[in-house]
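Descriptive analysis of the structure
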There are 2 protein chains.
Amino acid sequence: MSASLPAIILAEPQLGENIGAAARAMLNFGLTELRIAAPRDGWPNPAAEPMAAGAFEAGVQVTVFDSVEAACADLGYLVAATARPRGMEKPVTNAGGAVDWLKAQASRTGVMFGNEAQGLHNDHVALCDAIMTYPVNKAFASLNLSQAVVVFAHAWGEAAGQGGRFEGTDAGVGDVASREELVGMFEHFEYELERAGYFYPPDKTPLMTRNLRNAFIRGQWTSQEVRTFRGAVKALAIGRGKARIKRED
Amino acid sequence: MSASLPAIILAEPQLGENIGAAARAMLNFGLTELRIAAPRDGWPNPAAEPMAAGAFEAGVQVTVFDSVEAACADLGYLVAATARPRGMEKPVTNAGGAVDWLKAQASRTGVMFGNEAQGLHNDHVALCDAIMTYPVNKAFASLNLSQAVVVFAHAWGEAAGQGGRFEGTDAGVGDVASREELVGMFEHFEYELERAGYFYPPDKTPLMTRNLRNAFIRGQWTSQEVRTFRGAVKALAIGRGKARIKRED
């Protein structure tokens, strides 16, 4: 399984905080292999721990290398994350495209991120097969290192995972009410409104009714909500329990 | 223009660092309206500045509200970012889907993120029209607040922006060599290899040639690269300048 997950390679990172935050972001979306090439402040780095929020203990494996080249040595396909054009003839894609390309490889793969000060060196981009870039605001293009990692990790998670839906079934629109239930509710509601003298002047009744129905329809109510609302209408109209009024109808 | 950009609402955030990092992430992808509802440590917060990397000066507008309700008061469509099912009948989508839904609104819109400790309260989710969720690793589901913001901001940038490509034209695969150029290069290469005695045993020549050609073809070389390689073959075969050898052919 690990052979099919891309390694995340941090090329000469500076701040332990960013390494920790990158590890957390990776594990949030199921990535577990973190390679740190020539970290400025060495490794382990105590500044990484609080930002990792337990990611190292929970599954992110870290390997430290002396150089970026060494960190890539066993990989067969590499993507460079960079916001700047490099004048190099390499295919360029976005985060989702990079995921597709990575998943298509039979070899071990990696995604390389540059350091906080300069991003990736051209020499390191040249080691890669493809460039991944994000649609950044040109006036404010420099992403935090761990933010760059989470954008990729999320794209990986989308391709690998649940398509952005909860696995549970208790959220989301389910059990949408039928038109029959809705019309029954409308007629009940309108009957009580009519009885209460709501529709005035009388010639406006069709318009007012239609507007009300449209407002409810847009809500895509469930059957349960229809029942709840009918109970509310009934309660308003005739009261419940001791407040119940006697009517002939 | 600002009416069409969603506001980012941080509901009762705790750490200034996360507010600053969220602001940076927003501006990275062109979002500029940050609403802070009841920040635990007040506002302004000096801890936000270093993580913002200048985003407040460069365009992110901050408004502070006493409550989440007040922060949403003027908005017509709201998305709640949450990793947990809530048992509420609301439509659920992923980051890209949330962008689509937000863009379809005529009213002012917002995306609400919960705080570091608990995420969004159910009462705040109930204020929203829809739920946005990310395909998180269930064993490690809790995202850093600013990481959650950047995933949405990136999705917004993808829909609004350049589709993940550089605006410049000097990167990416351009000027791909024609088959004619490639075949000319192959024949040149193979001629020199043949002459150099490379193909041995001779009956393996077709297979070796095909394998070589396939390897080059996969590289999607440009015309310039074809010319460069032909120069290299020529140099290897007959030398250049003073190293040039005389041959009859």
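You'll find the structure just up there.
Parameters at a glance
- Residues numbered from 1 in each chain as written.
- Chains lettered and ligands numbered in written order.
- Predicted model: local features only at pLDDT ≥ 70, side-chain atom pairs only at ≥ 80, totals over all residues.
- Heavy atoms only, no water.
- Pairing = 2+ DSSP bridges.
- Helix = DSSP H or I, 4+ residues; strand = E, 2+ residues; numbered from the N terminus.
- Contact = heavy atoms within 4.5 Å.
- Axes fitted to C-alpha atoms, helices over the stretch in contact; angles between N-to-C directions.
- Buried < 20%, exposed > 50% of the residue type's maximum accessible area, 1.4 Å probe, protein only.
- Buried area = accessible area lost by both parts, 1.4 Å probe.
- Salt bridge = Lys/Arg side-chain N within 4 Å of Asp/Glu carboxyl O.

What to know about the sheet that holds strand β6 (residues 109-113) of chain A
Adjacent strands of a sheet form backbone hydrogen bonds with each other and so pair up, either parallel or antiparallel. Residue and element names in this part refer to chain A. Reading across the sheet, the 7 strands line up as β3-β2-β1-β6-β4-β7-β5 and stay open at both edges, with parallel pairing between neighbours. In the strand order of this sheet, the two ends are held by β3 (61-65) and β5 (92-93), each with one partner. With 4 bridges connecting them, strand β1 (residues 7-11) and β6 associate as parallel partners. Of the residues in β6, the one forming a bridge with I8 is V111. Docked against the sheet, helix α7 (residues 145-160) engages β1, β6 and β7 (130-132), running at close to 150° with respect to β6.

A word on helix α5 (residues 95-103) of chain A
Those residues of α5 of chain A that fall on the buried side of the exposure criterion are A95, G97, A98, V99 and L102 of chain A. If you follow the buried residues of α5 of chain A, they end up packed against β4 (77-81), β5, β6, β7 and α7 of chain A together with α7 (145-160) of chain B.

A closer look at the sheet that holds strand β3 (residues 61-65) of chain B
All names here are of chain B. Reading across the sheet, the 7 strands line up as β3-β2-β1-β6-β4-β7-β5 and stay open at both edges, with parallel pairing between neighbours. Only two strands of the sheet have a single partner each, and these edge strands are β3 and β5 (92-93). Pairing analysis gives 2 bridges linking β5 to strand β7 (residues 130-132), with the strands arranged parallel. Considered in β7, the bridge of V92 is made with I131. Taken strand by strand, helix α1 (residues 16-28) contacts β1 (7-11) and β2 (33-37), and its axis lies near 160° from that of β2.

Structural notes on the interface of chain A and chain B
Taken together, the contact pairs 58 residues of chain A with 58 residues of chain B. For the pair chain A and chain B, the summed buried area comes to about 4,600 Å², and 57% of that belongs to carbon and sulfur atoms. On inspection of chain A and its partner chain B, the count reaches 0 salt bridges. If you list the elements that add at least two residues to the side of chain A that touches chain B, you get α1 (16-28), α3 (55-58), β5 and α7 of chain A.

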